[in-house]
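Single-letter residue listing:
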Amino acid sequence: RPPSPGFPLPPGPAQGPPPATRPPGPLCKLLCVKMPSVSDLKEAGSCRAPPLLPDLPSGPLRTYRKKASFNWKEMAVFIEDEDLIHFKSRVFTAFEHDPLFARLPGEELSLEKYRELTFLRCKRLFEYDFLRLEDILEKPLKIMVLITCLGMYDWSLGAKYLLNSQVFKGAIESSGSERHEEFLKQNGNMENFGCFALTELSHGSNTKNMRTTARYDPSTQEFVIHSPDFEAAKFWIGNLGKNATHAVVYAQLHTPDGRCHGLHSFVVQVRDPKTLLPMPGVLVGDIGRKLGQNGLDNGFAMFHNVRIPKENLLNQTGDITAEGTYTSAYKDLKQRLGASLGALSSGRVMIIAMSVVNLKLAVSIAIRFSATRHQFGPTDEKEIPVLEYQMQQWRLIPYLAAVYALDYFSKSLFMNFIEFHVGLLMKDKSPRQAELGREIHALSTSGKPLSSWLAQQGAQECREACGGHGYLAMNRLGDIRNDNDPNCTYEGDNNVLLQQTSNYLLSWMSSRRQDKGPMTSPLGSLDYLEGYDHILRQRFTASSVHDCMDASVPLSAYKWLVCYLLRESFQKLRDQEQSGCTEFEARNNSQVYYCRSLAIAFIEHTVLQRYHDYVHGADTPATLQPVLKRLCSLYGLWSLNKHMAVLYQGGFASGEKAGRLVQDAILELCSKLKDDAVALVDVVAPPDFILNSPIGRADGEVKKKARLFF
């Protein structure tokens, strides 16, 4: 398309409401490829009825599979029921048999070609219609499963689909009302393609200071969307670079009386769906190549007095009369801002799952390679798999344990969010609904940092653990690492987000000190804090490695750690304020070693507690409990070991024995899980076509398959 005209632009005609009678799917007709139709592919595949879980191919990995203490198929059905397994297989099979999704390991595409392919593939998803409304209502978890399936194939595709079908659409659903249903209908038919425009060039985490304005004009009953200067340009917006036709734009709402009512969201058309040319008054473009996810078109936009109907205001948190009078159920500006940004929680919950997917992929590749790569041995004549070495086990198996613990946490938190989202749709104004929202916010703002950092560290460790082969692009570990990298930044910088979790915990302490009664915790994340004083008197009592291998040991240590860091952080803030610091200065000076550590310890305990309750539950098959309990204990001890200095500093542990027992227990659990590692990977790894890594193939035939690529 021709380049956008220069800025500023003359104000264009007002954008009208979406026409209800527009012919279906004009955007779908923009790009065409001569390939088999979806109906053709479905018909061709209908004669194939694959088993629920096909047997894995024979090859070098069979040696370790025979050593496994459990049946991998039983484990797969336990952690993901048969319906979800069938659903994943349907998605993966469709991709493998569709020429549009064909690819080679490590292939390089030009930026334009990659983005064109990603959009075509995204369009294809609408044709497949994997997820119908009745499927979502019956099993909401299928939303997450679909996104993770797309990400396992390619996160550019996963992110593109997610931003349009979940984030853009979800923002309208949760923040809008009946008058916005036409936007949702058109989105479902791919008559519009959406994005979520919050971040600006000069403001990211500081959302309340976004500078795009929306001034209401009562004479025409329209809002005038305007970017005062280039620093106020919407920036980094996924889907906006090339394809988005509509955006949920966050702007400061101004009424005719001159008052600013804070940040609100509006649906703004940015391109013509038929031509993809910018709408009058809109300057829109692509920000260029990134470190990863280059199939996703991140863009920028500036608005020069763009007029939109008054009805395009998403009015869940505030509305305006025809005359220009502002009304809101939220009288407090902070509460109103929090309600306006509620859509971000869904994004953060999904990023947790996205990060877990990346860790699954990296660990699957590295452990399979380690089980087939022979180096050195007890004699010069006999080399052994590198997975037999303690160092390799210590480097990789804790991340495998983290995969299982975080996978369960991400699914359970997603279902918690679905409960909250249903409450929003049902207009639930109860105190429990409000507290549920606060708790999910605290868990998502700490869960995202925990999972994205672990995936980033794990992907790098896996890359190094595979030596030079890990550095080869075709083996995908570099792409996994680079595609995971933005998870640490978007939807909130990790270190900044952790402050929101620590603020939530500190408010519990403030309520306790002021005798306001305990904060309610609908999900139970704070329940153990009622034993705050008793917990702080506890000490490390394990006397043997065997004792430490019980998950109750790291759990009790984490409870003490959270209570201790909560006390120390609260006291640090008070000391700062009493020394003459302002509240801003006090909080700024209390993050490192205090509030930040508190938030991390809190979320690590929450993940461990949920996973502990899950694997020790009555529904867990007796045949699977031993290996699951080891994974739980390893994740707990390995995570806790990073906090040993604080455990000693606060007096929970003393002497050299405690630290040594934890370390020895970690190594012992790694050793015990070594023979199960390949089977545990088989449970979570996608098919070879999706994994797309020659050294991570299910048959383990690395040497034979390598010849095909050279």
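**Q** Kindly report on the overall build of the chain, identifying the contributing residues and their values.
**A** Scanning the chain from terminus to terminus reveals 27 helices and 13 strands. Relative to its length of 710 residues, the chain is compact, with a C-alpha radius of gyration of 26 Å against a globular reference of 27 Å. Overall, the chain is about 85 × 70 × 40 Å in size when its C-alpha atoms are taken along their principal axes. Counting over 710 residues, the chain shows a buried share of 57%. Considering only contacts in the chain between residues 6 or more positions apart, those separated by 24 or more positions represent 77%.

**Q** Can you break down the nonpolar core residue by residue, with the values?
**A** Counting 184 residues, the largest nonpolar core has Met75, Phe95, Tyr404, Phe540 and Leu628 as its most contacted members. Examining the composition of this core, we find that 17 residues originate from one element, helix 11 (residues 343-372), more than from any other. Those residues in contact with Met75 that lie beyond four places of it in its chain are Phe70, Tyr404, Leu624, Val627, Leu628, Leu680 and Val683. With 26 residues, the next largest nonpolar core counts Ala214, Ile237, Phe266 and Leu313 among its residues.

**Q** Requested: an account of the pairing of strand 8 (residues 298-303), with residues and values cited.
**A** Counting buried positions along strand 8 yields six of six residues, so the element is predominantly enclosed. The alternating pattern of strand 8 places Asn298, Phe300 and Met302 on one face and Gly299, Ala301 and Phe303 on the opposite face, and all of these are buried. Bridge analysis of strand 4 (residues 234-238) against strand 8 gives three bridges, and the strand direction is antiparallel. From the neighbouring strand, Gly238 faces strand 8, where its bridge partner is Asn298.

**Q** Outline the pattern of salt bridges, listing residues and values.
**A** Should the charged atoms of two oppositely charged side chains come close, the side chains can pair. Enumeration according to the criterion identifies 34 salt bridges in this entry. Note that Arg432 is salt-bridged to Glu419, the shortest N-O span being 2.9 Å. Here Glu419 lies in helix 12 (residues 390-425) and Arg432 lies in helix 13 (residues 431-465), a separation of 13 residues in the sequence. Beyond isolated ion pairs, a larger network of salt bridges with shared partners links Glu80, Lys88, Lys360, Asp407 and Lys411.

**Q** Any chance you could break down the pairing of strand 6 (residues 260-269) for me, citing the residues and the numbers?
**A** Summarising burial for strand 6: nine of the ten residues are buried, a large majority. Across eight bridges, strand 5 (residues 246-254) lies against strand 6 in antiparallel orientation. When the sheet's bridge partners are listed, Tyr250 is paired in strand 6 with Ser265. Between strand 5 and strand 6, which pair antiparallel and follow one another directly, the connecting turn spans five residues, one of which, Gly258, has a positive phi of 90°.

**Q** Quick rundown of the sheet that holds strand 8? Include the residues and the values.
**A** Overall, antiparallel pairing links the three strands, which are arranged 4-8-7 in an open sheet. This sheet does not close on itself; its edge strands, each paired only once, are strand 4 and strand 7 (282-286). Ignoring strand direction, the axes of neighbouring strands in this sheet form an average angle of 30°.

**Q** With reference to specific residues and values, describe the side chain of Glu439.
**A** If you trace the backbone, Glu439 turns up in helix 13. Those residues within four positions of Glu439 in sequence are excluded, and the remaining contacts are Tyr504, Ser521, Pro522, Leu523, Gly524, Ser525 and Leu526.

**Q** How would you summarise the packing of aromatic side chains if you had to cite specific residues and measurements?
**A** Across all of its chains, the model carries 21 aromatic pairs by this definition. Consider the rings of Trp560 and Tyr564, whose centres lie 4.8 Å apart with planes at 10°: the pair is stacked. Of this pair, Trp560 and Tyr564 both sit in helix 19 (residues 552-578), four residues apart, roughly one helical turn. Of the residues examined, Trp560 reaches a relative accessible area of 1% and is grouped as buried. According to the relative accessible area criterion, Tyr564 is buried, its value standing at 7%. In textbook terms, an aromatic cluster arises when at least three aromatic residues are bridged by ring pairs, as seen for Phe95, Phe101, Tyr128, Phe130, Tyr153 and Phe689. The lysine or arginine in question, Arg103, covers the ring of Phe689, its NZ or CZ lying 5.9 Å from the ring centre. Residue placement shows Lys642 over the ring face of Trp638; its charged tip is 4.0 Å from the ring centre.

**Q** Can you break down the packing of helix 5 (residues 111-128) against helix 8 (residues 155-175) residue by residue, with the values?
**A** At their nearest, the axes of helix 5 and helix 8 sit 9 Å apart, and the two run at 55° to each other. Taken together, the axes of helix 5 and helix 8 are oblique relative to one another. In terms of crossing hand, the pair formed by helix 5 and helix 8 is right-handed. Seen from helix 5, the contacting residues are Tyr114, Thr118, Phe119, Arg121, Cys122, Leu125 and Phe126; seen from helix 8, they are Ser156, Leu157, Lys160, Tyr161, Asn164 and Ser165. The residue inventory of the contact of helix 5 with helix 8, partitioned by class, reads seven nonpolar, four polar and two charged.

**Q** Describe the environment of Asn312, naming the residues involved and giving the relevant values.
**A** By secondary structure assignment, the location of Asn312 is in the loop between strand 9 (306-309) and strand 10 (319-320). For Asn312, a relative accessible area of 4% gives the class buried. Separated by 46 residues in sequence, Asn312 and Phe266 place their C-alpha atoms 5.5 Å apart. If sequence neighbours within four positions are ignored, Asn312 has contacts with His180, Phe183, Ser265, Phe266 and Val267.

**Q** Residues and numbers for helix 3 (residues 72-79), please.
**A** What helix 3 keeps buried is the set Trp72, Met75, Ala76, Phe78 and Ile79. An end-on view of helix 3 places all buried positions within 165° of arc, on one side of the element. Check the buried side of helix 3 and you find it contacts helix 4 (82-96), helix 12, helix 21 (591-615), helix 22 (625-640) and helix 25 (677-684). Of the residues flanking the start of helix 3, the one acting as N-cap is Asn71, its side-chain oxygen 2.8 Å from the backbone nitrogen of Lys73.

**Q** Before we move on, could you go through unusual backbone geometry and cite the residues and values that matter?
**A** Of note, the phi angle at Asp129 is positive, near 55°, even though the residue is not glycine. Mapped onto the elements of the fold, Asp129 is located in the loop between helix 5 and helix 6 (133-138). Phi angles above zero are rare outside glycine, and Asn305 is one such case at about 50°. Mapping Asn305 onto the fold places it in the loop between strand 8 and strand 9. Classification of Asn305 by relative accessible area gives partly exposed; the value is 26%.

**Q** Go over a nonpolar patch on the surface, please, and point to the residues and values.
**A** Side chains of Val422, Leu425 and Met426 sit close together on the surface and give an oily, nonpolar patch of about 310 Å² of accessible area. For Val422, the position within the fold is in helix 12.

**Q** So what about the environment of Arg121? Which residues, and what values?
**A** Note on placement: Arg121 falls in helix 5. With relative accessibility at 5%, the residue Arg121 sits in the buried group. Put simply, Arg121 and Val545 are 424 residues apart on the chain and 52 Å apart in space, counted from C-alpha to C-alpha.

**Q** Please set out helix 21 residue by residue, giving values where relevant.
**A** Across its 25 residues, helix 21 extends 34 Å between first and last C-alpha, which sits within 8% of the 36 Å expected from 1.5 Å per residue. Approximately 30° is the largest bend angle found in helix 21, and it occurs at Ser597. In terms of residue burial, helix 21 counts as a mostly covered element, since 19 of its 25 residues are buried.

Reading the values: the criteria
Every chain's residues receive numbers from 1 upward, in the order its sequence appears when written. Confidence filtering applies because this is a predicted model: local features only for residues at pLDDT of at least 70, side-chain atom pairs given and counted only at 80 or more, and all residues used for totals across whole chains, interfaces and linings. No hydrogens and no water enter the side-chain calculation; it runs on all heavy atoms of the structure. Put simply, DSSP marks the helices as runs of H or I at least four residues long and the strands as runs of E at least two long, and each gets a number from the N terminus on. What the globule rule says is 2.2 Å times the number of residues to the power 0.38, and the radius of gyration is computed from C-alpha atoms. The buried label goes to any residue with under 20% of its type's maximum accessible area, the exposed label to any with over 50%, and the partly exposed label to all in between, with areas taken from a 1.4 Å probe on protein chains only. Two residues qualify as a contact provided that any one of their heavy atoms is within 4.5 Å of a heavy atom in the partner residue. Throughout, nonpolar core names a set of buried Ala, Val, Leu, Ile, Met, Phe, Trp, Tyr and Cys residues whose side chains join them through atoms within 4.5 Å. Each pair of strands is called paired provided DSSP finds at least two bridges between the two strands. Any carboxyl oxygen of Asp or Glu within 4 Å of a side-chain nitrogen of Lys or Arg constitutes a salt bridge here. Angles run from 0 to 180 degrees between N-to-C directions of axes, and those axes are lines fitted to C-alpha atoms, restricted for helices to the stretch in contact. Any pair of Phe, Tyr and Trp rings, taking the six-membered ring for Trp, is counted once the centres come within 6.5 Å. Such a pair is stacked with planes under 30 degrees apart, edge-to-face with planes over 60 apart, and tilted for the rest. Criterion for a charge above a ring: Lys NZ or Arg CZ within 6 Å of the ring centre, and within 35 degrees of the ring normal. Put simply, angles under 35 degrees are roughly parallel, angles over 145 are roughly antiparallel, angles from 65 to 115 are roughly perpendicular, and the rest are oblique. By convention the crossing between two helices is left-handed if the near helix lies anticlockwise of the far one by an angle smaller than a right angle, and right-handed if it lies clockwise. For this scheme, ten residues count as nonpolar: Ala, Val, Leu, Ile, Met, Phe, Trp, Tyr, Cys and Pro. Four count as charged, namely Asp, Glu, Lys and Arg, and the remainder, Gly too, count as polar. To obtain the arc, one takes the directions from the helix axis to the C-beta atoms. Pairs of N or O atoms are called polar contacts if they sit within 3.5 Å, as long as, within protein, a hydrogen donor faces a hydrogen acceptor (for residues adjacent in sequence, only side-chain-to-side-chain pairs). Each patch is built from salt-bridge-free residues with over 30% relative accessible area, joining like charges within 9 Å and nonpolar side chains (Val, Leu, Ile, Met, Phe, Trp, Tyr) within 5 Å. Residue exposure ignores everything except the shown protein chains as possible cover, and the areas themselves are Shrake-Rupley values with a 1.4 Å probe. Expected helix span is given by 1.5 Å per residue-to-residue step, counting one fewer step than there are residues. To get the bend at a residue, fit one axis to the 7 residues ending there and another to the 7 starting there, then take the angle between the axes.

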